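If you want the building blocks of each chain, they are given just below.
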Amino acid sequence: MKEIEGQLWIENIPVINLAREYGSPIFIYSAEQIKRNFGKYQSEVGRNDLICYAVKANSNLHILKLLSELGSGFDVVSGNELKRCLKAGADKNKIVFSGVAKSNEEIKLAVENEILSINIESYGEFQRIAKISEQLNKSVNCALRVNPDIAIGSHKYIETGSKTSKFGLDSEAVNKISDEARDNKLVNIASVACHIGSQISDENLILKSLDVICEIADNLSLNGHAIKFLDIGGGLGIQYKDEKEGDPGILMAGVKNRLEGKEYKIILEPGRSIIGSAGILVTRIEYIKNAGGKKFAIIDAGMNDLIRPSLYEAWHEVKELENREISSDTYDLAGPVCETGDILAKGRNLKILPNDFVAFMDVGAYGSVMSSNYNSRLKPMELLVTGDEIEVIRRKETFEDLIALES
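Rules and cut-offs
- Residues numbered from 1 in each chain as written.
- Predicted model: local features only at pLDDT ≥ 70, side-chain atom pairs only at ≥ 80, totals over all residues.
- Heavy atoms only, no water.
- Helix = DSSP H or I, 4+ residues; strand = E, 2+ residues; numbered from the N terminus.
- Rg over C-alpha atoms; globule rule 2.2 N^0.38 Å.
- Areas by Shrake-Rupley, 256 points an atom, 1.4 Å probe, with all protein chains shown as cover.
- Lys, Arg positive; Asp, Glu negative; His and termini not counted.
- Charge placed at Lys NZ, Arg CZ, Asp CG, Glu CD.
- Polar contact = N/O pair within 3.5 Å; in protein donor to acceptor, adjacent residues only side chain to side chain.
- Contact = heavy atoms within 4.5 Å.
- Buried < 20%, exposed > 50% of the residue type's maximum accessible area, 1.4 Å probe, protein only.
- Pairing = 2+ DSSP bridges.
- pLDDT = per-residue confidence, 0-100.
- Core = buried A, V, L, I, M, F, W, Y, C linked by side-chain atoms within 4.5 Å.
- Salt bridge = Lys/Arg side-chain N within 4 Å of Asp/Glu carboxyl O.
- Expected span 1.5 Å × (residues − 1).

Colleague: Sorry, what's going on with the overall build of the protein here?
Modeller: Scanning the protein for helices and strands turns up twelve helices and 20 strands. Computed over C-alpha atoms, the radius of gyration of the protein comes to 23 Å, within 12% of the 22 Å expected from 2.2 N^0.38 for 407 residues, which places it in the range of a compact globule. Its C-alpha atoms put the protein at 75 × 50 × 40 Å along the principal axes. Of the accessible surface of the protein, which amounts to about 18,400 Å², a share of 45% is contributed by carbon and sulfur atoms. In the protein, the 49 positive side-chain charges and the 60 negative ones have mean positions that sit 2 Å from each other.

Right, dumping it as structure tokens:
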């Protein structure tokens, strides 16, 4: 995204042109920004290391296809995310399956497709995998996802590495699975995984978790397991406001230093840092309203479209699409949803009038993918822009779509 003579552009197209042609609210993504963000990782990893994009950040098939063509692998957390990746043309040998509640059907799907790794998160899950692999008479590669008890200081909802988290294995479970898997001819423990959370600005926290899983991997190797990969997760943050952006170069330099003399390959699971800055949400000002001594800009996008501000109190920059020759004022931007919490931004200084458009920045991650039909609202259209080419990668829903499963 860039500004030229007071107008916001996405690649070679003024965003206002897209808003007028396709309407609002609408998610728009820059293919070039996605490529640039992925390249920051690609230029730093070793030849045998693997970047597995975290599909949960944005699972649009067209974006997955673009990343697959760039050489990305994928980190999935549901059977349907796995199906999305396969449909998008992903290499099944570059897919890892995380998540704490994998069903029998999901594990069967993963085993049958011979993906790179199923990340085990409990002893019960190990037992289920062992039973299914025996029923199918197919071997399966697995990782032990461990819980290192590391706090990252971000929002409590996106911290996943503390000892009270639902994610990962403690040392007792690791040892129990290690002993039983050693004698199992179908379940291969080939990796140790860890993911401590999201929006991390200090690369040293991930390096600290690497120290933990490296020690566990060494012990597993001594116990008879052929450990090939160390999966250090994702979570590097982006700059929404004044946060420090995570740096893949600093992270990988630290990884290489710590693993000198060892032959482990690294798996990374970046999501937000690849797609976050590549997306915007364009919305129209419906009304300007005075209430309680403040001004509200009532917009046509709500918490059902972008839930991060309501759920996490997240901050997204708001930009006018055109530079209006009017005086600015301070507004809270409120959506149409019938909830007091449907405020997408507070105290923003803007030059706007009714029917103007504004853009919420950096919504590529956890934007459209977390949208809902609350209040029977229709999910927005999504566009992917490549240079001066526009591709509709998700059409706007219709009322008929909304009620299709109820008819």
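Colleague: Sorry if this is basic, but what is going on with the side chain of Asn 60 here?
Modeller: Within the element layout of this structure, Asn 60 appears in the loop between strand E5 (50-54) and helix H3 (61-69). Within the structure, Asn 60 has its side chain in polar contact with the backbone nitrogen of His 62 (distance 2.9 Å). A distance of 3.2 Å separates the side chain of Asn 60 from the backbone oxygen of Ile 393, its partner in a polar contact. Excluding its chain neighbours within four sequence positions, the residues that come into contact with Asn 60 are Arg 84, Glu 382, Ile 393 and Arg 394.

Colleague: I'm lost on the pairing of strand E18 (residues 357-360) in this one. Help?
Modeller: Regular strands have side chains that alternate between both faces of the sheet. The alternating pattern of E18 places Phe 357 and Ala 359 and Val 358 and Phe 360 on opposite faces, both of which are buried. For strand E13 (residues 279-291) and E18, the ladder comprises four bridges, and the chain directions are antiparallel. Each residue of the ladder has a partner; that of Thr 283, found in E18, is Val 358. Relative to E18, strand E15 (residues 318-320) is paired through three bridges, and the arrangement is antiparallel. By the bridge assignment, Val 318 is partnered in E18 with Phe 360.

Colleague: Is there a simple way to think about unusual backbone geometry in this case?
Modeller: Excluding glycine, residues mostly have negative phi values, and the peptide bonds linking residues are mostly trans. A cis amide bond links Ser 24 to the next residue, Pro 25, at an omega of -5°. Assignment of secondary structure puts Pro 25 in the loop between helix H1 (15-22) and strand E4 (26-30). You will see that Asn 137, though not glycine, has its phi angle at about 55°, which is positive. Summarising the element assignment, Asn 137 is placed in the loop between helix H6 (123-136) and strand E9 (140-145). In this structure, Ser 376 takes a positive phi of about 55° despite not being glycine. Tracing the backbone shows Ser 376 in the loop between E18 and strand E19 (381-386).

Colleague: Can you help me understand the confidence of the model for the protein in this one?
Modeller: As a note on interpretation, predicted positions should not be read in detail where pLDDT is low. Looking at the protein, the pLDDT average stands at 93 and 96% of residues meet or exceed 70. Confidence drops under pLDDT 50 across residues 152-162; counting only partners more than four residues distant or on other chains, this segment forms 39 contacts.

Colleague: How should I be thinking about the nonpolar core in this particular structure?
Modeller: A general tendency of soluble globular proteins is for nonpolar side chains to be buried together. With 92 residues, the main nonpolar core has Ile 189, Leu 230, Leu 333 and Phe 360 as its most contacted residues. Looking at which element gives the most residues to this core, the answer is helix H8 (residues 203-222), with nine residues. Apart from the residues within four sequence positions on either side, Ile 189 is in contact with Ile 120, Cys 142, Leu 144, Ile 177, Ala 181, Leu 220, His 225, Ala 226 and Ile 227. Counting 18 residues, the second largest nonpolar core, distinct from the first, contains Ala 19, Ile 26, Val 282 and Met 381.

Colleague: What am I meant to see in the pattern of salt bridges here?
Modeller: Two side chains of opposite charge can pair, provided their charged atoms sit close to one another. Under the definition given, this model contains 22 salt bridges. Linking Glu 125 and Lys 102 is a salt bridge whose minimum nitrogen-to-oxygen distance equals 2.5 Å. Separated by 23 residues along the polypeptide, Glu 125 in helix H6 and Lys 102 in the loop between strand E7 (95-97) and helix H5 (104-112) bring together distant segments of the chain. Of the two residues examined, Glu 125 and Lys 102, each falls in the buried class. Residues joined by salt bridges that share partners form a network here, namely Lys 92, Glu 114 and Lys 138.

Colleague: Would you take a moment to explain the sheet that holds strand E3 (residues 13-14) for this structure?
Modeller: Whenever strands of a sheet pair, they do so through backbone hydrogen bonds, lying parallel or antiparallel. Taken together, three strands build an open sheet; the order of strands is E1-E2-E3 and the sheet is antiparallel. Unpaired on one side and paired on the other, strand E1 (2-4) and E3 mark the two borders of the sheet. Here two bridges tie strand E2 (residues 7-10) to E3, and the two strands are oriented antiparallel to one another. Across the sheet, residue Ile 10 finds its bridge partner in E3, namely Ile 13.

Colleague: What is the right way to read the environment of Ile 34 from this model?
Modeller: On the secondary structure map, Ile 34 appears in helix H2 (residues 31-42). A residue is classified by how much of its surface remains accessible, and Ile 34, at 0% relative accessible area, is buried. Counting along the chain gives 274 residues from Ile 34 to Arg 308, while the straight-line C-alpha distance between them is 21 Å.

Colleague: Honestly, H8 in this entry has me stumped. Any pointers?
Modeller: Quick reminder: α-helices carry 3.6 residues per turn. Residues three or four places apart thus point the same way. With 20 residues, H8 should cover 28 Å at 1.5 Å per step; its first-to-last C-alpha distance of 29 Å lies within 8% of that length. Three or more residues of H8 are buried, namely Glu 203, Leu 205, Ile 206, Leu 207, Ser 209, Leu 210, Ile 213, Cys 214, Ile 216, Ala 217 and Leu 220. Against E9, helix H7 (171-182), strand E10 (187-193), strand E11 (229-231), helix H9 (248-258) and strand E12 (265-268) lie the buried residues of H8. Two or three places before Asn 204, at the start of H8, stands the capping residue Asp 202, its side-chain oxygen 3.0 Å from that residue's backbone nitrogen. In the segment just after H8, Gly 224 is the residue with positive phi, at about 100°.

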